[in-house]
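Fold and contact review
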Amino acid sequence: MGGTQVLLTERDAVLDHVRFLVNSTRNEREANVVLVGGAVGTGKTAVLTRFAEIARSRGAVVLTAVAFPAGPEVSSGVVDQLVGGLVPQPRRPGSADELTRYVSAAAPRFNARVLHRASRVLTEVAQESHLVVCVDDIQHMDAEAVQFMLHFIRASAGLPVTFAFTETAGVPGTGTELHDYLARHQRVRRFTLRPLSADGVQDVLAEDVGRSATALTEQAVRITGGNPLLLFALITDLRDRGDDGGDPGGTGGAAGAVPRRVVPGENFQRAYRSCLRAGGELARKVVTALAVLGDTATALLAARLTRTDIATVEAVADWLGQAGLLSWLRFRHPAARAAVLAGTDRDELIGLHRAAARLLFETGAPTREVAGHLLVCGVTDEPFAGRVLADAAEQALLAGQAEDATAYLYLVHRQPADQMEEAEAALALSAVEWRVNPIGAVRRLHGLAELVIEGQLTDHRAVAVAENLLWHGDVAEAEQAFTALHERADTFDAATRSAFAEAVSMMSAGFPAVHQRLRARLPDLEVDAEQPPVGLTASSCPLLTFGRVRWVRDEEAADAAEALLAATPVNEGTLPRLTAAVVTLVAAERTDQAVSWSEHVMREIEGRHAPAWQAVLDGMRGIVALQSGDYAEAEAHARAALSGVPARVWGAGIGIPLATALFAATAQGRHADARALVGQPVPASMFESVYGLVYLTACGEYHLAARQYRSALERFTQCGELIAAWEIATPGLVSWRFGAARAWLGLGDQGEARRLLEEDLRLLGDSPSRGRGLSLRLLASIHQAGRRQALLEQAVDVLSRVDARLELTDALTDLGTFFARRGDAKRAVAVTRRIVELTREWRAKAPVKRAPRRWTGGTAPAEGQARLTSLTEAERRVSAMAADGWSNKEIAEALSITVSTVEQHLTRSYRKLSIRRRRELPRQLLVAGQEQTGRLVG
């Protein structure tokens, strides 16, 4: 449907009267007036144009004019247009040309003589034929044009003259005298055009989208208010996007493409601005003020912003509402507001937003509403700006809207008043950037470091800067900052003193090399202070959470951590303590609790745009999953942590997720992936921290799995040398002796392996721990049978008292195998039954996603899966039990077959699986073997 058709929809009544009026005027030779009113965009001009077409088709002389808003020295041009439309008449061929010259010479001011002469010529035309005079937008006619029209209407009495006028409702103009006269004229027929009804909108849409019009009508009415001009623009946007669709019942669009929603585009916005221009300057100013104020708009605020009165604003809002442009003081669709803002001069917009910010601040509006206007206009020189923006940033953070907080603080930071205010702004901005743009916060550290070193920043936030420098590898600057703070320790308030004591404690536990150097220069580095709960200051990197935890088993600390997790809600302010509490549970080997609480924290933070915090939580969840034996999940979280923020942001702490991913990939037998992780560049500062020790241990585990025993021994030995050099008295921090012992065993030196394991057990003490259980089990493997049983039983006892399900299963398996090989079937079955019971218990708590036993054999790749299916049931059963550690004799006794039969099954299985030895049996057979064990015991 074309634009004119849309504009003439539901206009049948006025068009029927037009036809009647043209005929009756010509026959009765009596002047008549038609006045078509209505809001902007309702089709008045289209009706007037159709009126002129009908009149011409019936032989009438038609003169047309459009009135434009006139200035002090410029006329509306109506008389010139009407006179210019005359053509020479047969009886008086020169009259039209003569009048045109006469009027042009007198314009823009007309005296009575000119008006009389022009009126006389038009009257002569009317005496010979039906004359139709059409004038659009008479509200814009200037005084001279009004006088001319009044004179001509009076002179046309008894002549076949039809006057057709349009007038836009509500638009102030200068044509009031003509309007008043027409109100008294007896032969005036008035029509008011209103927006289309819902049925009318549906009829228009049906021409383009067929039966889909029903579904789109409600949307179109809501957006356009039924305004025909806006509706046509909306349909044009549908066509331009190519999704106007339609169905077999429609007349437009591609078959089968049915639009699901109406989205205003550029055509709609242009049409909206066109309607506003037609409404006049006052309407434009009021609507622009409403667009600037947005959802906070009231008639009072708009009046103050436009420097007018409430009644005027309400009147404008009322007639624009009748036009479908507004819904009282609100826009019907965001696209309408966007159209107004896009069509407004930039300087005007900046001025309006500045004025709006000042106005809202004075009237006590919410802080973020005021800050929003300051943000748009980029203004900070208002007296209230700095305080408002800082408060808005804090509120945005609490609401989880860190990007908004960053924007507010960037604006404050851009125009600081003095050096201290610059430091305040930089610190506040840094605090927000850690959450949303951590790399920006890292880059900002050097500027902040200068303030700390020069003594311009000395409170608890200065301590956070020093910590961040250390964490991110700027060790030299960090040492300078800590030295500068130490020199001013006597001036610290209680909060700063506690923060400094905590930072030194963190340095001692996490960065022992740096702590050693500083202690050598500053013997009294530690200060006395009441230690607060684990937490971070506002300007700290969230990743420093890991630096707050002492990675040792501490039951008292674990109890406190659980109490904290149970009593504390999850938000930006509490995340440091909550995350540190979960990691404390991991260090205390409370795996089940750590899993539960980590999932709780991650659920609560989900959906917030805070990449640094997400990296922390992924790193934490990876550690928890690794300890619980879920290697796939551990690796997934660790890799998410590594990719979530740049390596520069992780700093020395990159050793945590990197080691987690390396441990997990190695445990899953994916040596190529593990090798790639070993080759990843790491910061040198990591090897001055305990995170370097964890990383070295993970590398050692990879080399062991790859049978690169010399390389493994080098890594574990390097780890031990660093611990000795740093004088760390925490034997359970990393299990380097346990790793080195396995490397020596791989190299065939049982004596050195035994020495390391016995030393490890002596240092670990008698308290139950995962490390002690692992060392006992490994030591059992290199002792004679008499000592082996006792060591394995000790390992089982220790591991059963800590949450180490995989390690306990391994120790029980070794113990059951020991009994089976000695021919003690009764005790072997008892141990196997316990394994099955434990497995069922663990599966009841949470489905086991990984085989509950470490395995150095291969996994079945895609082609290997096909080979597994080629095994017969007997071959699969025997191979599965062999994968689970059963000897040929044990398998034969359990299945009541001969040893020779077992060997034959294994030989055929090896050939089908393309392997040479038992240890290469795929992991899938290990799981099957444990299930087979369960069936045998049950």
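Structure shown above.
Keep in mind that this is a model prediction, so the values were computed, not measured.

Rules used throughout
Here the residue numbering is sequential within each chain, running from 1 through the sequence in written order. For a predicted model such as this one, the threshold for reporting local features is a pLDDT of at least 70, and the threshold for listing and counting side-chain atom pairs is 80 or more; totals across whole chains, interfaces and linings nevertheless cover every residue. Side-chain descriptors were evaluated using all non-hydrogen atoms of the structure, hydrogens and water having been removed beforehand. In plain words, nonpolar cores are sets of buried Ala, Val, Leu, Ile, Met, Phe, Trp, Tyr and Cys residues tied together by side-chain atoms within 4.5 Å. Buried, partly exposed and exposed residues are distinguished by accessible area as a fraction of the type maximum, computed with a 1.4 Å probe on protein chains only: under 20%, between the cut-offs, and over 50%, respectively. The helix count covers DSSP runs of H or I at least four residues long, the strand count covers runs of E at least two residues long, and both are numbered beginning at the N terminus. The salt bridge definition used is simple: a Lys or Arg side-chain nitrogen within 4 Å of an Asp or Glu carboxyl oxygen. Strand pairing requires that DSSP identify at least two bridges connecting the strands. A fitted line through C-alpha atoms represents every axis, and for helices the fit uses only the stretch in contact; the resulting angles, taken between N-to-C directions, go from 0 to 180 degrees. Any two residues whose heavy atoms approach within 4.5 Å at even a single point are treated as in contact. Residue count minus one, scaled by 1.5 Å, sets the expected span of a helix. Here a pair means two rings of Phe, Tyr or Trp (six-membered ring of Trp) with centres within 6.5 Å. Their orientation is stacked below 30 degrees between planes, edge-to-face above 60, and tilted elsewhere. Our definition puts a charge over a ring when NZ of Lys or CZ of Arg is within 6 Å of the ring centre and also within 35 degrees of the ring normal.

**Here's the deal with the nonpolar core**
- In this structure, Phe482, Leu485, Phe500, Phe511, Leu662, Tyr691 and Leu693 are the most contacted members of the largest nonpolar core, which totals 127 residues.
- Counting residues per element, this core draws most heavily on helix α35 (residues 690-705), which supplies nine residues.

**Re the pattern of salt bridges**
- What the rule picks out here adds up to 32 salt bridges.
- The closest approach of N and O atoms between Glu382 and Arg354, which form a salt bridge, is 3.0 Å. Taken together, the residues span a long stretch of sequence, with Glu382 in the loop between α18 (367-377) and α19 (385-398) and Arg354 in helix α17 (residues 346-362) at a distance of 28 residues.
- A residue is classified by how much of its surface remains accessible, and Glu382, at 10% relative accessible area, is buried.

**Comments concerning the sheet that holds strand β3 (residues 131-136)**
- Strand order in this open sheet of five strands is β2-β3-β4-β1-β5, and the pairing throughout is parallel. Each edge of the open sheet carries a strand with a single partner, namely β2 (61-66) and β5 (188-193). Across this sheet, the average inter-strand angle for adjacent strands is 15°, counted without regard to direction.
- Judged from the seven bridges that link them, strand β1 (residues 32-38) and strand β4 (residues 161-168) form a sheet pairing that is parallel. Of the residues in β4, the one forming a bridge with Leu35 is Phe165.
- Each of β1, β2, β3, β4 and β5 is contacted by helix α3 (residues 44-57), which is oriented at about 165° to β4, the strand it contacts most.
- Of the strands in this sheet, β3 and β4 touch helix α7 (residues 143-155), which is tilted by about 145° from β4.

**Considerations on helix α36 (residues 709-725)**
- Between the first and last C-alpha of α36 there are 24 Å, a value that for 17 residues agrees with the 24 Å anticipated at 1.5 Å per step.
- Taken together, the buried residues of α36 touch α35 and α37 (736-746).
- Where α36 terminates, the next one or two residues include Glu727, which has phi positive at roughly 60°.

**A word on the packing of aromatic side chains**
- Tallying each qualifying case throughout the model produces eleven aromatic pairs.
- Between Phe152 and Phe163, the ring centres sit 5.4 Å apart and the planes meet at 80°, which makes this aromatic pair edge-to-face. Pair noted here: Phe152 is in helix α7 and Phe163 is in strand β4, with a separation of eleven residues, a long-range link. Pair check on accessibility: Phe152 and Phe163 agree, each one buried.
- Aromatic pair Phe361 and Phe384: ring centres 4.3 Å apart, planes at 10°, arrangement stacked. One end of the pair, Phe361, is in helix α17; the other, Phe384, is in the loop between α18 and α19, with 23 residues separating them in the sequence.
- Phe384 gets classed as buried once you look at its relative accessible area, which sits at 6%.
- Arg154 extends its terminal NZ or CZ atom over the ring of Tyr181, reaching a point 5.2 Å from the ring centre.

**Some details on the side chain of Glu479**
- Tracing the backbone through its elements, the reader meets Glu479 in helix α24 (residues 475-487).
- With a relative accessible area of 10%, Glu479 lands in the buried category.
- With near-sequence residues (within four places) excluded, Glu479 lies in contact with Val514, Arg517, Leu518 and Arg521.

**Focus on the side chain of Asn888**
- Its place among the elements puts Asn888 in helix α45 (residues 888-895).
- Every residue in contact with Asn888, bar those within four places of it in the chain, is listed here: Val899, Val902, Glu903, Leu906 and Arg918.

**Notes on unusual backbone geometry**
- Its identity as a non-glycine residue notwithstanding, Asp137 has a phi of 60°, on the positive side.
- For Asp137, the position within the fold is in the loop between β3 and α7.
- Residue Asp137 is classed as buried on the basis of its relative accessible area of 17%.
- Phi at Arg707 takes a positive value of approximately 65°, unusual for a residue other than glycine.
- With respect to the secondary-structure elements, Arg707 resides in the loop between α35 and α36.
- Relative accessible area serves as the criterion here: at 45%, Arg707 is assigned to the partly exposed category.

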